[in-house]
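Survey of secondary and tertiary structure
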Amino acid sequence: MPLYKINDENIRQAAACIIRGGLAAFPTETVYGLGADAFNPDALALIFEIKNRPRFDPLIIHIAALNTLEKVADLSPLDISTRKKIDALTEKFWPGPLTLILPKQQKVPDLATSGLPTVAVRLPSLASARQLIALSSGAVAAPSANPFGFLSPTSAEHVQAMLGDKVEIILDGGPTQVGLESTVLDICGAQQRILRPGGIPKEAIESLIGPISENTALDDTAISPGMMKNHYAPRAGLETHDLETLFTIPAENGGAFLFFDGASCKQWQKKQKQPPDTLCKVLSETGNITEAAARFFQSLHELDKPEISRIYAQIAPEEGLGRAINDRLQRATHI
Ligand code: TXA
Ligand code: MG
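A brief structural summary.

Cut-off values and rules
- Residues numbered from 1 in each chain as written.
- Chains lettered and ligands numbered in written order.
- Predicted model: local features only at pLDDT ≥ 70, side-chain atom pairs only at ≥ 80, totals over all residues.
- Heavy atoms only, no water.
- Helix = DSSP H or I, 4+ residues; strand = E, 2+ residues; numbered from the N terminus.
- Rg over C-alpha atoms; globule rule 2.2 N^0.38 Å.
- Buried < 20%, exposed > 50% of the residue type's maximum accessible area, 1.4 Å probe, protein only.
- Contact = heavy atoms within 4.5 Å.
- Areas by Shrake-Rupley, 256 points an atom, 1.4 Å probe, with all protein chains shown as cover.
- Pairing = 2+ DSSP bridges.
- Axes fitted to C-alpha atoms, helices over the stretch in contact; angles between N-to-C directions.

Section: the overall build of the protein
Along the backbone of the protein there are twelve helices and 15 strands. Against the globule reference of 20 Å for 335 residues, the protein gives a C-alpha radius of gyration of 20 Å, in line with a compact fold. In terms of its C-alpha atoms, the protein occupies a principal-axis envelope of roughly 65 × 45 × 30 Å. Counting the 335 residues in the protein, one finds 59% classified as buried. Long-range pairs, those at least 24 residues apart, make up 68% of the contacts in the protein with a sequence separation of at least 6. As presented, the protein carries roughly 14,000 Å² of accessible surface, and 51% of it is formed by carbon and sulfur atoms.

Some words on unusual backbone geometry
Following Trp 94, the chain continues to Pro 95 via a peptide bond in cis, the omega torsion being -10°. Relative to the elements of secondary structure, Pro 95 occurs in the loop between α4 (80-93) and β5 (98-103). You will see that Asn 52, though not glycine, has its phi angle at about 60°, which is positive. On the secondary structure map, Asn 52 appears in the loop between α2 (41-51) and β4 (60-63). Not every positive phi belongs to a glycine, and Ser 114 is a case in point at roughly 55°. Tracing the sequence through the fold places Ser 114 in the loop between α5 (110-113) and β6 (118-122). Here Ser 114 falls in the partly exposed class, since its relative accessible area comes to 24%.

A few points about the sheet that holds strand β12 (residues 237-241)
The strands making up a sheet associate through hydrogen bonds between their backbones, and the pairing can be parallel or antiparallel. Read from one edge of the open sheet, four strands run β12-β15-β13-β14, paired in parallel fashion. The open sheet terminates on both sides in strands that have one partner only, identified here as β12 and β14 (279-284). Averaged over all neighbouring strand pairs, the angle between strand axes comes to 20°, with direction disregarded. Of the strand pairs in this sheet, strand β13 (residues 255-261) and β14 are connected by five bridges, and their pairing is parallel. Among the inter-strand pairings, Phe 259 is bridged to a residue of β14, identified as Val 282. Along the sheet face, helix α10 (residues 262-271) touches β13, β14 and β15 (310-314) and points at about 135° away from the line of β13. Set on the sheet, helix α12 (residues 321-332) makes contact with β12, β13 and β15; between it and β12 the angle comes to about 135°.

Everything listed is a geometric property; what it means functionally is a separate question.
Now the structure itself:
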């Protein structure tokens, strides 16, 4: 399947494809999504089939403007304080990488929400994504455009390699800016909490609405159905360690190393007995967390080569976007 460069004509074609019940892959600021009309159950079923995704894992519905939120969510059952928090969050972080879990509008198909009374909604900040959504149904269900459980796509080429034979149109907007998925925030439950750390850090949300908790249980599928362990996984085995432990792991055939910053990589290389020609990647030379997040999936895609049997990854600082990196690393771990 050829890639379609982002321009008005190709966006119109992708929108037409979604309107007639097909699927189009498109970039957002986080990762590439596989889009379908959120109100077309047949198109939604196609998403689950193509991704090989379990039906109990609900989708995020993407809207193009705040004033279309009521098409998919019904805020009327919520108390005033929760509604104020939602207003503050949408004003500050939308458009952007924050997904809100809200009571669903009745007409949203059960397939989109896996039968839950809530719906996940996001207003992406990439202008071309909003243009596509506005030109199609105004509500586009879009999971990450990868087979279920695999590494998320941060470029059109990743989508092409993983789903190219199954998707009608792949819009190519180059590498994504944030590089990690949106933060999923349950704002309407009894306990307000982050279900998936992502592009908007916990600290930024807390500074706006006060303390929230984080659901870090790796297997708590009842709380956020998509958050099972062994997700976002490369084909090669992956282990995560702090730098001290990485020092004890020798460079040898079949191993590859993913360092958070350049200084750590250099220290590790110095500790090796022979100068290693092992494949090493650094997420950010200067240790900049935003840059590291943006390069995270791309680096794992590059390391996940047939000749690599094991990837040893350094844990990121547990702050800001570093939490989201560590979350993805933990879920990619298979020993
Ligand atoms: O950045 C993103 O969010 C990307 C781009 C394409 O927008 N999309 C994405 O979608 O990551 P997906 O399907 O890969 O992840 C959706 C997550 C899953 O963990 C799912 O369980 C959770 O959102 N989710 C969706 N609806 C939910 C609901 N009603 N309650 C709790 N969690 C929900
Ligand atoms: Mg995904």
